[in-house]
Amino acid sequence: MERNEKLIAKKEEWAKYKRGHTEDGVMQDHRQRHDRLPPGQHLTKGWPVLDLGIHPSIPLEQWTLQISGLVETPLTWNWQDFMAQPQVRLVTDFHCVTTWSTFDNAWEGVLFRHLMQIARPLPEARFVYFASYDNYSTNLPLEACDDADVLLTRTWNDQPLSQDHGGPVRVIIPKRYAWKGAKWVKEIRFLEHDRPGYWEVRGYSNTALPWDEDRYA
Ligand SMILES: Nc1nc2c(c(=O)[nH]1)N[C@H]1C(S)=C(S)[C@@H](COP(=O)(O)O)O[C@H]1N2
Ligand SMILES: [Mo]
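Reading the values: rules and limits
Residues numbered from 1 in each chain as written. Chains lettered and ligands numbered in written order. Predicted model: local features only at pLDDT ≥ 70, side-chain atom pairs only at ≥ 80, totals over all residues. Heavy atoms only, no water. Helix = DSSP H or I, 4+ residues; strand = E, 2+ residues; numbered from the N terminus. Buried < 20%, exposed > 50% of the residue type's maximum accessible area, 1.4 Å probe, protein only. Contact = heavy atoms within 4.5 Å. Areas by Shrake-Rupley, 256 points an atom, 1.4 Å probe, with all protein chains shown as cover. Pairing = 2+ DSSP bridges. Near = heavy atom within 4 Å. Polar contact = N/O pair within 3.5 Å; in protein donor to acceptor, adjacent residues only side chain to side chain. Nonpolar A, V, L, I, M, F, W, Y, C, P; charged D, E, K, R; others polar. Axes fitted to C-alpha atoms, helices over the stretch in contact; angles between N-to-C directions.

## Focus on the overall build of the protein chain
Turning to step 1, where the next piece is worked out: Tallying secondary structure elements over the protein chain gives five helices and 12 strands in all.
Turning to step 2, where the next piece is worked out: By residue count, 45% of the 217 residues in the protein chain fall in the buried class.
Turning to step 3, where the next piece is worked out: Pairs at least 24 apart in sequence give 68% of the contacts found in the protein chain among residues at least 6 apart.
Turning to step 4, where the next piece is worked out: In the form shown here, the protein chain has an accessible surface area of approximately 11,700 Å², with 51% of it arising from carbon and sulfur atoms.

Structure (C-alpha cells):
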C-alpha cells in the first residue's frame, strides 16, 4: 500500500518535471522553467502591450465600476469607493496566448472574492462577463473567478497601472491566458448562462488554460 503511493508520487513528480522540457526533450533552464513556464510559452523581458488598439483615457474622477446581474446587491464603485475596499498585494505570472510569459508581476487592488462578499452572487449565478471601456469583453465560469489570486488591480510593480496596460483598473486571472483579464474594466456581470466575449466568439478557447495549451477552440 505504502509502496504504491510512493510510486504514484514519483510518477506525478516526473510528469511535473517533464513539463519543464520542450517537445524535443531538451532541458530548459531548470531554476526558471521548472514548474513555471507553461508548454509553448517563452519568458519575455518587460511587458508587451496587446489589445484591440483603443486605449481609453478614463480620468479617476470619471471612473466607475459596475457590478450587475444576478447579485443580491448590485453596486457601482467610483474611485473613492474602490480605494475604500481592502487593498491586497499579489505577485503572479502572466501568460499571453501569443506565447510570451512574464514572471513575478506585483499587483495591488481589490480581490474578486472581496467583491463577491459585497455584491453576493445569487445561487443561479454561474458565469461572469467582463465588459470594458474599449468595448472589449471576456467571460469565465464563476468558479474560475472565485479564486484567491483573481484581482482587480490598479498597480503593476508598485506603480499605478498605465493606461496602455488597462489603467485605472484591470482584471488579472493568473491561471488563465491573459485575454481573460479585461483591461479598463467597466462592468462585471453575473449570469446564469455563459456569454462568450470578444475573442471567445472569434475562435479563442472558452476555458484558456495555459498548462493545457488550451489556446483555440
Ligand atoms: N479591455 C481590453 N482588455 C484586454 C484586451 C483588449 O483588447 N481590451 N486584450 C486582451 C489580450 S488578448 C491580452 S493578451 C491582454 C494583454 O494585456 P497587456 O496589454 O497589458 O499585456 O489583455 C487582454 N485584455
Ligand atoms: Mo492576447
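Now that the structure has been shown, the text picks up again.
## Some words on the pairing of strand S6 (residues 127–132)
The side chains of a regular strand alternate between the sheet's two faces.
Turning to step 1, where the next piece is worked out: Burial runs high along S6: six of the six residues are buried.
Turning to step 2, where the next piece is worked out: Of the two faces of S6, the one carrying Phe 127, Tyr 129 and Ala 131 and the one carrying Val 128, Phe 130 and Ser 132 are both buried.
Turning to step 3, where the next piece is worked out: Examined bridge by bridge, S6 and strand S7 (residues 137–141) share five bridges and lie antiparallel to one another. Along S7, the bridge assignment pairs Phe 130 with Thr 138.
Turning to step 4, where the next piece is worked out: Turn length for the S6-S7 hairpin, with the two strands adjacent in sequence and antiparallel, is four residues, and the turn residue Asn 135 shows positive phi of about 70°.
Turning to step 5, where the next piece is worked out: The sheet contact formed by S6 and strand S12 (residues 185–191) spans six bridges and is antiparallel.

## Describing the site of ligand 1
Turning to step 1, where the next piece is worked out: Around ligand 1, 21 residues are found, and the nearest of them are Leu 50, Asp 134, His 165, Arg 170 and Lys 183.
Turning to step 2, where the next piece is worked out: His 165 has a polar side-chain atom sitting 2.6 Å from an oxygen atom of ligand 1.
Turning to step 3, where the next piece is worked out: Between ligand 1 and Lys 183, the relevant distance is 2.5 Å, taken from an oxygen atom to a side-chain nitrogen or oxygen of the residue.
Turning to step 4, where the next piece is worked out: Considering ligand 1 on its own, with 530 Å² of exposed area, one finds that the protein chains cover 98% of that surface.
Turning to step 5, where the next piece is worked out: Of the residues assigned to the shell around ligand 1, the class counts are 14 nonpolar, three polar and four charged.

## Let's talk about helix H4 (residues 112–119)
Turning to step 1, where the next piece is worked out: Three or more residues of H4 are buried, namely Phe 112, His 114, Leu 115, Met 116 and Ala 119.
Turning to step 2, where the next piece is worked out: Looking one or two places after H4, you find Arg 120, whose phi comes out positive at around 55°.

## A look at the pairing of strand S2 (residues 64–69)
Turning to step 1, where the next piece is worked out: Bridge count between S2 and strand S3 (residues 75–78): four bridges; the pairing is antiparallel. What sits directly across from Thr 64, in S3, is Asn 78.
Turning to step 2, where the next piece is worked out: By the bridge criterion, four bridges tie S2 to S12 in an arrangement that is parallel. Following the sheet pairing, Gln 66 is matched in S12 by Glu 187.

## As for the sheet that holds S3
Turning to step 1, where the next piece is worked out: The sheet built from five strands is open, its strands ordered S3-S2-S12-S6-S7 with mixed pairing. Of all strands in the sheet, those bounded by a partner on one side alone are S3 and S7. Mean inter-strand twist for the sheet, computed between neighbouring axes without regard to direction, equals 15°.

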